[in-house]
Amino acid sequence: MVTQMAQPLVTQPSTWIALAPVVILAMASFVLFLADSIDPGETNNGLLAGLSLVGILGALGVAVWYFFAGVGGEGVSLLGDQVVVDGMSLFFTFVVTSVAALVVLGSYDYLHDQPHKGEFYSLIVLATTGMALMANANSLVVAFIAIELSSLSSFALVAFLKHNRGSVEAGLKYFLIGALSSAILVYGISLVYATTGSLQLDAVAAGVAETDNVGVLGVGVLMVVGGVAYKTASVPFHFWAPEAYEGAPAPVSAFLSSASKAAGFVVAFRVFVEAFPLDVLTGLGIDWVLIFQVLAVVTMLVGNFAAAMQENVKRMLAYSSVGHAGYVLIGLAALGGGNDVAVMGAAMMHLLVYGFMNTGAFLFVALAEYRGVGRTFEDYNGMWRQAPIASAAMTVFLFSLAGLPIGGGFLSKYVLFTAAIGAGYWWLAAVGALASALSLFYYSRLAKAILIEDPIHEFDVSRQPMGLYAAIMIAAIMTIALLPAFPVVDLAQAAAAALFA
Amino acid sequence: MLIETLIAVTFVAALVVFLTPEAYAPQVAFALSLLPLAGSLFMWTGFDASGNALLEGSTVAFESQAQWIALDPYAINWYVGLDGVSFPLLVLTTVLVPLAIMSAWTPITERISQFYGLVLFMEASLIGVFTALDFFVWFVFWEAVLIPMYLLIGVWGGPRRKYAAIKFFVYTNVASLVMFIGFIALLFGLGDSVTSFGMPEITQAIHAGELGGFAGLSGDTLALAAFIAIFFGFAVKVPIFPVHTWLPDAHVEAPTPVSVLLAGVLLKMGTYALLRFNFTMLYDVAATLAVPIAALGVFSVIYGAMLALAQQDLKRIVAYSSISSMGYVILGLVAFTVYGIGGATFQMVAHGLISGLMFMAVGVIYNATHTRMVGDISGIADRMPITVGILIAAAFGYMGLPLMAGFAGEFMIFLGAFQSTVLPSAPIFTAIAMFGIVIVAGYLLFAMQRTLFGEFRLETDYEVTRAPLHDIVPLFVLIGLIILLGVDPDIFFTMIQDAVDPIVELGGGA
């Protein structure tokens, strides 16, 4: 493979080292397989979780270091321009590795009585590798491979409780819809290739300008939108999400709804901005911003209305996660209004905040499952009594998700909506504000169950899940800290600006 | 840095109390709540402000500003400071919280450390509301008050607490959203002439006539629409008829110390914000709408008093009378005279102390008799002479007995409203509002006479005993403060006047 020499770097690592976060993750997953295969029967939960954490935090640390050292400030392209390392890829690597670290920490207790721990951790790390690679993909084929890498690992993770009918059924549904969506995506990619003669994003952009097969290209773009919508759980490709999140072990639900969604969005951001330049495609009559506007509005409304009607906590969170995908879609739907950097930066920032608050909320559900609490709102009644600190953290997650100024969720929504207004799409912001107001209803309903209602049954608190507690607390502290520390939005804007440069 | 320290200390105190074992929580919470009190009294010694924090040419005490989020186009900055309007309310907050905590020792028997932790968390947020000068920072604290209040009513309240808590939460949250949208519309109308959410900057830009149109609306229409949205948002909090219906439910279900804070401080958030946003920032719209606003205020006075007259529950009587008292405040604000707005600000403090005292005294009676129904009790004056004596004193304060704080506030409001040049036919509005006092005196005396005096009779199985000392001490402290403020209103009124004069000058009034 020919490695092209890219621009000189600020800190001068040879180019492939720029990809270190992904490489570290890949190596960590192999080390985990190896550690597990040396002595397959005896699984040392602490060792395996520790190894995964070291790998994930290593990748996270390197990503942060690179980000601040300015690696990829200009964008480092490597492996024949198939892969790019820039501010946006490092930003998203940070998001997915943070979520993965929390999920591993939370899984340590959750897996206590489960066999096949080694497989679980290595699948998590492998899926994270795929997501980090999605952030770096600079060609449609790398994006596809990365999506498949994370999806295949995720299918197995959803079905991980293989003696639990719900888990297996969820895995199967997730797999079938995933396979269908992959087929749509890869078919779309092939149509794009057929019309432009290239798979690399910048070359696709060049080819788009010269194509005469506008109809075929349009169908291809539409199918790529479908593939992205599936990965981000956006309407109308969202049907798998409530099923998969409900059936999956709760830490896996946290992982999929936070990290996987963020990774799906980074692919969408990069592909649509770089490969399908809006002005050129609009000139051809393919107005993909319009498609995303429709998707954003429908996703916000469907997700939030459906969440409001759920009786099951996990399904409520799953639908609300669909709703949040709708908010983030504003990042694409408000492009072309002269405020591109602001809307995309705001969408990235919302994904960062969402990564912590949503992971925290699902980890609280993991705690409830660990304690043998049931699944409905009523089952959560009075959890405050036996888990006061975790309940306080959950209050923070719920109100921050709803957009009250108790955590970063308020500011990220605010910035997102005002950026949309600034771009002239005030009606996107209006729908978003309406959906947010509605979301307060079902989030506060769960808060009410946990904090106000009297418990209907006691549960076993003899064993303290320290890892799970630690993960929930870290997520809560990060959610709150992102309110005063919101100036990081500048970093997100800078990363977004690089994309448009 | 003093304000930041004050907020931080209170937050940390909340956290400490939250983690304190149940057995020590009441005492620890009380001791820690003295820290913000000491802090605010210390700040009083160095309080140096002149003019209104939002208007040009003012000195703001303990002003502190730091860059926070450099958003384009409006930067969000950490910006706090105090002037003569906000400082008395800050003192009121820090004084009422320790007293409310002490009054909670008897009624609060479960989830104790959580209760006191939430009270202190709410205090920290309230300090933030009264000190923030950046709209965004202010809004964060404004919303942060709701969550502890929601839980305090929902967890420790009476039988219908869940209904009351959710009603409170939904009403005030929808109101916040409407207000937020109204304010943001204002910002869009200002366009490039402001670069931050600083309330002084925005106010001065509006006064300089920078408000342009937005989305097809002209500048004037935008100002009017924004004014109405913002007014609605705060009217719910105050509360003004017809958006007052959450208040009696919340008050009746809330435990005594929470009612004290709800009536004493939370309602003042609404009137304080009205003064800052509607009557200072958008004073010319307020002047145009003077008649409908005054009508709402006066109607609230009479309507609240009539409703109070019809109640059988002592706590409901006090709750409805708050609607009445807040109506006076609205009338004072819309008068745009020094005594009107100054008296309204003074009345916020006075009503905070008096209604707090009333709720506390009713709470002590409830602790002893386990009923609040006027028909169930009579003649308890013999059994609980001290409590009853203070309750009567508080009722006289409510009626506006001279030499008590309520008199000073109401007298100034009536004087100011009478002299108003902004409000057409001001004397008529004033006269109707003054009639409210007669009804107030009527229902208070009627209720007192039936419950406190006459032959002792109690239609429950409880033995009525004297209240413990820690129930009585807060009552004494409050009645002392009410008399102190009544005898010497200048303790606060001079600084209030400093901050109010510039607002009055805006309208060219006297």
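What you are looking at is a predicted structure, and each value in this text was computed from that prediction instead of being measured. Residue numbering note: each chain is counted from 1, following its sequence as written. For this description, chains carry letters from A and ligands carry numbers from 1, given in the order in which they are written. Side-chain atom pairs in this predicted model are given and counted only at pLDDT of 80 or more, local residue features only at pLDDT of at least 70, and totals for whole chains, interfaces and linings cover all residues. Note that water and hydrogens are dropped before the side-chain values are worked out from all heavy atoms of the structure.

### Considerations on the overall build of chain A
When helices and strands are tallied, chain A shows 20 helices and two strands. Atoms counted for the radius of gyration: C-alpha only. Globule rule: 2.2 Å times the number of residues to the power 0.38. For 501 residues, the compact-globule formula gives about 23 Å, and the C-alpha radius of gyration of chain A, at 21 Å, lands near that figure. Seen along its three principal axes, the alpha-carbon backbone of chain A occupies a region of about 70 × 55 × 40 Å. Remark: exposure states derive from per-residue accessible area (1.4 Å probe, protein chains only) relative to the maximum for the residue type, with buried under 20%, exposed over 50%, and partly exposed in between. Counting all 501 residues of chain A, 64% fall into the buried class. Should any heavy atoms of two residues lie within 4.5 Å, those residues are counted as being in contact. Sequence-distant contacts in chain A: of pairs separated by 6 or more residues, those separated by 24 or more amount to 81%. For chain A, the distance from the average site of its 16 positive side-chain charges to the average site of its 29 negative ones is 11 Å. The secondary structure listing takes helices from DSSP runs of H or I that are at least 4 residues long and strands from runs of E that are at least 2 residues long, numbered from the N terminus. Charge counting follows a simple rule: Lys and Arg are positive, Asp and Glu are negative, and His as well as the terminal groups are ignored. To locate a charge, take NZ of a lysine, CZ of an arginine, CG of an aspartate or CD of a glutamate.

### Focus on the side chain of Ser258(A)
Residue and element names in this part refer to chain A. By the element assignment, Ser258 lies in helix H10 (residues 250-275). Residue classification places Ser258 among the buried positions, given a relative accessible area of 1%. Definition of a polar contact: a pair of N or O atoms within 3.5 Å, with one able to donate and the other able to accept a hydrogen when the atoms are protein atoms, and with sequence-neighbouring residues admitted only if both atoms are side-chain atoms. A distance of 3.0 Å separates the side chain of Ser258 from the side chain of Asn358, its partner in a polar contact. Residues within four places of Ser258 in sequence aside, it is in contact with Val99, Tyr354, Gly355, Asn358 and Thr359.

### Quick word on the confidence of the model for chain B
In low-pLDDT regions, the fine details of the predicted coordinates are not to be read closely. Residue and element names in this part refer to chain B. Across chain B, pLDDT averages 88, with 99% of residues at or above 70. Ranking the helices and strands of chain B by mean pLDDT puts helix H3 (residues 86-103) first, with 94, and strand E4 (residues 457-458) last, with 77. Of the two predicted TM-score estimates for the complex, the pTM is 0.86 and the ipTM is 0.78. Confidence of the predictor in every single residue is expressed as pLDDT, which spans 0 to 100.

### As for unusual backbone geometry
Glycine aside, the phi torsion of most residues is negative, and most peptide linkages are trans. Note that the residue after Val235(A), namely Pro236(A), is joined by a cis bond; omega there is 5 degrees. Along the polypeptide, Pro236(A) turns up in the loop between helix H8 (214-231) and helix H9 (240-247). One non-glycine residue, Leu403(B), adopts positive backbone phi at about 70 degrees. Inspection of the secondary structure assignment puts Leu403(B) in the loop between helix H15 (385-399) and helix H16 (405-419). The phi torsion at Ser425(B) lies on the positive side, around 45 degrees, for a residue other than glycine. In this fold, Ser425(B) is placed in the loop between H16 and helix H17 (426-452).

### So, the nonpolar core
Within this scheme, the nonpolar core is defined by two criteria: the residues are buried Ala, Val, Leu, Ile, Met, Phe, Trp, Tyr or Cys, and they are joined through side-chain atoms within 4.5 Å. By size, the foremost hydrophobic cluster in this structure holds 420 residues, and its most contacted members are Phe269(A), Phe272(A), Phe276(A) and Trp138(B). The greatest single-element share of this core, amounting to 22 residues, is contributed by helix H14 (residues 340-370) of chain A. With near-sequence residues (within four places) excluded, Phe269(A) lies in contact with Met88(A), Phe92(A), Val328(A), Leu332(A), Met344(A), Ala347(A), Met348(A), Leu351(A) and Leu499(A).

### Overview of a nonpolar patch on the surface
Residues and elements named next belong to chain A. A patch consists of residues whose relative accessible area exceeds 30% and which take part in no salt bridge; residues with like charges are grouped when within 9 Å of each other, and nonpolar side chains (Val, Leu, Ile, Met, Phe, Trp, Tyr) when within 5 Å. For every accessible area listed, the method is Shrake-Rupley and the probe measures 1.4 Å; residues are considered covered only by the protein chains on display. Basic side-chain nitrogens of Lys or Arg form a salt bridge, by our definition, when they fall within 4 Å of a carboxyl oxygen of Asp or Glu. A surface patch of nonpolar side chains, about 400 Å² in accessible area, is lined by Leu152, Leu172, Phe175 and Leu176. Take the nonpolar patch: its biggest share by element is three residues, from helix H6 (residues 165-196). Along the chain, the position of Leu152 falls in helix H5 (residues 140-158).

### So, helix H14 (residues 338-369) of chain B
With 32 residues, H14(B) extends 45 Å from end C-alpha to end C-alpha; this agrees with the ideal 46 Å at 1.5 Å per step. With its phi angle positive at about 60 degrees, His370(B) sits one or two positions after the end of H14(B). One less than the number of residues in a helix, times 1.5 Å, gives the span that helix is expected to have.

### What about the interface of chain B and chain A?
On the chain A side, the residues contacting the 30 residues of chain B number 31 residues. Defined here as a combined quantity, buried area equals the accessible surface (1.4 Å probe) lost by two parts on assembly, summed across both. Where chain B abuts chain A, roughly 2,600 Å² becomes buried across the two surfaces, and 76% of that area is made up of carbon and sulfur atoms. Summed over the shared surface of chain B and chain A, the result is two salt bridges. Notably, a salt bridge pairs Glu453(A) with Lys162(B), separated by 2.7 Å at the nearest N-O pair. Mapped by element, the contributors of at least two residues to the side of chain B that touches chain A are helix H1 (2-19), strand E1 (61-69), helix H5 (135-156) and helix H6 (161-190) of chain B. Only Asp, Glu, Lys and Arg are considered charged in this grouping, and only Ala, Val, Leu, Ile, Met, Phe, Trp, Tyr, Cys and Pro are considered nonpolar; every other residue, Gly among them, is considered polar. For the side of chain B that touches chain A, a count of residues per class yields 22 nonpolar, three polar and five charged.

### Observations regarding the packing of aromatic side chains
Residues and elements named next belong to chain B. Note on ring pairs: Phe, Tyr and Trp rings are taken, using the six-membered ring of Trp, and paired if centres are within 6.5 Å. Classes follow the plane angle, with under 30 degrees stacked, over 60 edge-to-face and the rest tilted. Within the structure shown, the criterion is met by 64 aromatic pairs over all chains. On the numbers, 5.5 Å between centres and 45 degrees between planes, the contact of Phe234 with Phe277 is tilted. On the criterion of sequence distance, the pair formed by Phe234 in helix H8 (residues 219-237) and Phe277 in helix H10 (residues 256-281) is long-range, its members being 43 residues apart. The ring of Trp142 has Lys237 lying over it, and the distance from NZ or CZ to the ring centre is 4.7 Å. Any Lys NZ or Arg CZ found within 6 Å of a ring centre and within 35 degrees of that ring's normal is scored as a charge over the ring. Cation over ring: Arg372 sits above Tyr366, and NZ or CZ is 5.0 Å from the ring centre.

### Describing the environment of Ile439(B)
Residues and elements named next belong to chain B. As for its placement among the helices and strands, Ile439 is situated in helix H17. Judged by its relative accessible area of 10%, Ile439 is buried. Note: C-alpha distance between Ile439 and Ile479 (40 residues apart in sequence) is 23 Å. When residues no more than four places from it in sequence are discounted, the contact partners of Ile439 are Ile302, Ala305, Met306 and Leu309.

### Side note on H9(A)
All names here are of chain A. Summarising burial for H9: seven of the eight residues are buried, a large majority. Here H9 has its buried residues at Trp240, Ala241, Pro242, Ala244, Tyr245, Glu246 and Gly247. Check the buried side of H9 and you find it contacts H5, H6, H8, H10, helix H13 (313-333) and H14.

### Some words on the packing of H6(B) against H8(B)
Residues and elements named next belong to chain B. Taken N-terminus to C-terminus, the directions of H6 and H8 make an angle of 155 degrees; their axes are 8 Å apart at the nearest point. Regarding the angle of H6 to H8, the classification is roughly antiparallel. Here H6 runs over H8; the crossing is left-handed. Touching Tyr171, Thr172, Ala175, Val178, Met179, Gly182, Phe183, Ala185, Leu186 and Gly189 of H6 are Leu222, Ala223, Ala226, Ala229, Ile230, Phe232, Gly233, Phe234, Val236 and Lys237, all from H8. Of the residues contributing to the contact of H6 with H8, the split by class is 15 nonpolar, four polar and one charged. Whenever a helix is involved, its axis is fitted only over the stretch in contact; in every case the axis is a line through C-alpha atoms, and angles between N-to-C directions fall within 0 to 180 degrees. When an angle is under 35 degrees it counts as roughly parallel; over 145 it counts as roughly antiparallel; between 65 and 115 it counts as roughly perpendicular; any other value is oblique. Note on convention: near helix rotated counterclockwise from far helix by under a right angle means a left-handed crossing. Clockwise means right-handed.

### Notes on the side chain of Thr387(B)
Residue placement: Thr387(B) occurs in helix H15. Accessibility expressed as a relative area gives 2% for Thr387(B), which makes it buried.

### What to know about the packing of helix H16 (residues 388-402) of chain A against helix H18 (residues 426-451) of chain A
Residue and element names in this part refer to chain A. At their nearest, the axes of H16 and H18 sit 8 Å apart, and the two run at 170 degrees to each other. Relative to H18, H16 is oriented roughly antiparallel. Residues Ser391, Met394, Thr395, Leu398, Phe399, Leu401 and Ala402 of H16 touch H18, and the partners they reach there are Ser436, Ser439, Leu440, Tyr443, Ser444, Leu446, Ala447, Ile450 and Leu451. Here the residues of the contact of H16 with H18 are counted per class, giving 11 nonpolar, five polar and no charged.

### Description of the pairing of strand E2 (residues 76-82) of chain B
Note on strand geometry: in a regular strand, side chains alternate between the two faces of the sheet. All names here are of chain B. The element E2 is largely enclosed, with a buried count of six among its seven residues. The pairing criterion for strands is at least two bridges between them, as found by DSSP. Bridge count between E1 and E2: six bridges; the pairing is antiparallel. Directly across from Ala61, in E2, lies its bridge partner Leu82.

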